[in-house]
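Understanding the architecture of this molecule
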Amino acid sequence: SETAYLRVIESNPGNYIAWQNLLFIQNTKLDFSKMFELADQSVKAFPNQPLFHLFRGIGAAGIENYEVAVEAFKKGARLNPNNPDLTKQFYISLGDAYYRLENYKEAFLNFDLLLLLEPDNVIVLNNYSYYLSVLNQDVNKALVMINKCIAIEPENSTYLDTQAWVFYR
């Protein structure tokens with residue numbers, strides 16, 4: 001339980017598993033403020049653990065502190081040489097944070113990098129298509145991506161809505 005993990009890290013701040021599990025609990029609860037606070041502490045205890053930087057960035061983004069989120073995601077990504085699943089999470093998180101900061105070039109670069117690793121990622125295909133169409137940029141690319149997304153999940157109403165928006169643009 002959360003209380004038990006808090007007691008463990010209070011008595012043994014070097015317990016990686018306790019920090020990890022506590023942060024997963026915050027993620028499940030969507031308690032971004034608490035996640036950011038705890039991840040900040042975990043990064044101090046384990047500065048070279050990319051997962052804790054990821055949680056710090058997710059927490060920061062959740063409280064709309066996108067500059068800190070970008071910094072955390074970039075640092076975590078630099079520390080993550082061998083975990084492709086974590087790499088994908090850094091790319092999508094960076095893309096979203098940069099988009100919120102209206103740094104579209106960096107946002108789209110990170111989405112492109114993720115799609116190189118996972119070309120059928122429907123979340124990125126949908127969101128990236130939507131973002132491009134909202135900005136009225138590269139609408140042909142948006143159409144290709146959303147059509148691919150619809151081919152994978154033809155009944156998903158969110159993706160169909162994005163497709164309609166791309167067609168409109």
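A brief report on the enclosed structure follows. Since the model is a prediction, treat every value here as computed from it, not as a measurement. (Residues numbered from 1 in each chain as written. Predicted model: local features only at pLDDT ≥ 70, side-chain atom pairs only at ≥ 80, totals over all residues. Heavy atoms only, no water.)

**Description of unusual backbone geometry**
- Despite not being glycine, Glu64 has its phi angle at roughly 65°, a positive value.
- Residue placement: Glu64 occurs in the loop between helix 4 (50–62) and helix 5 (66–78).
- When its relative accessible area of 61% is taken as the criterion, Glu64 is described as exposed.
- The phi dihedral of Glu102 is positive, around 65°, even though this residue is not glycine.
- In this structure, Glu102 sits in the loop between helix 6 (84–100) and helix 7 (104–117).
- A relative accessible area of 58% means that Glu102 is categorised as exposed. (Helix = DSSP H or I, 4+ residues; strand = E, 2+ residues; numbered from the N terminus. Buried < 20%, exposed > 50% of the residue type's maximum accessible area, 1.4 Å probe, protein only.)

**Thoughts on the packing of helix 8 (residues 122–134) against helix 10 (residues 157–168)**
- Contact pair helix 8 / helix 10: the axes reach a minimum separation of 9 Å and the direction vectors enclose 30°. Classified by the angle between their axes, helix 8 and helix 10 sit roughly parallel to one another. For the pair helix 8 and helix 10, the sense of crossing is left-handed. Contacts between helix 8 and helix 10 involve Val122, Ile123, Asn126, Ser129, Tyr130, Ser133 and Val134 from the former and Thr158, Tyr159, Thr162, Trp165 and Val166 from the latter.
- Along the lines of polarity and charge, the residues of the contact of helix 8 with helix 10 split into 7 nonpolar, 5 polar and no charged. (Axes fitted to C-alpha atoms, helices over the stretch in contact; angles between N-to-C directions. Parallel < 35°, antiparallel > 145°, perpendicular 65-115°, else oblique. Left-handed = near helix turned anticlockwise from the far one by under 90°. Contact = heavy atoms within 4.5 Å. Nonpolar A, V, L, I, M, F, W, Y, C, P; charged D, E, K, R; others polar.)

**Digging into a nonpolar patch on the surface**
- A cluster of nonpolar side chains, contributed by Tyr130, Trp165 and Tyr168, occupies part of the molecular surface with about 350 Å² of accessible area.
- Mapped onto the elements of the fold, Trp165 is located in helix 10.
- Residue Trp165 is classed as partly exposed on the basis of its relative accessible area, which comes to 31%. (Patch = residues over 30% accessible without salt bridge, like charges linked within 9 Å, V, L, I, M, F, W, Y side chains within 5 Å. Areas by Shrake-Rupley, 256 points an atom, 1.4 Å probe, with all protein chains shown as cover. Salt bridge = Lys/Arg side-chain N within 4 Å of Asp/Glu carboxyl O.)

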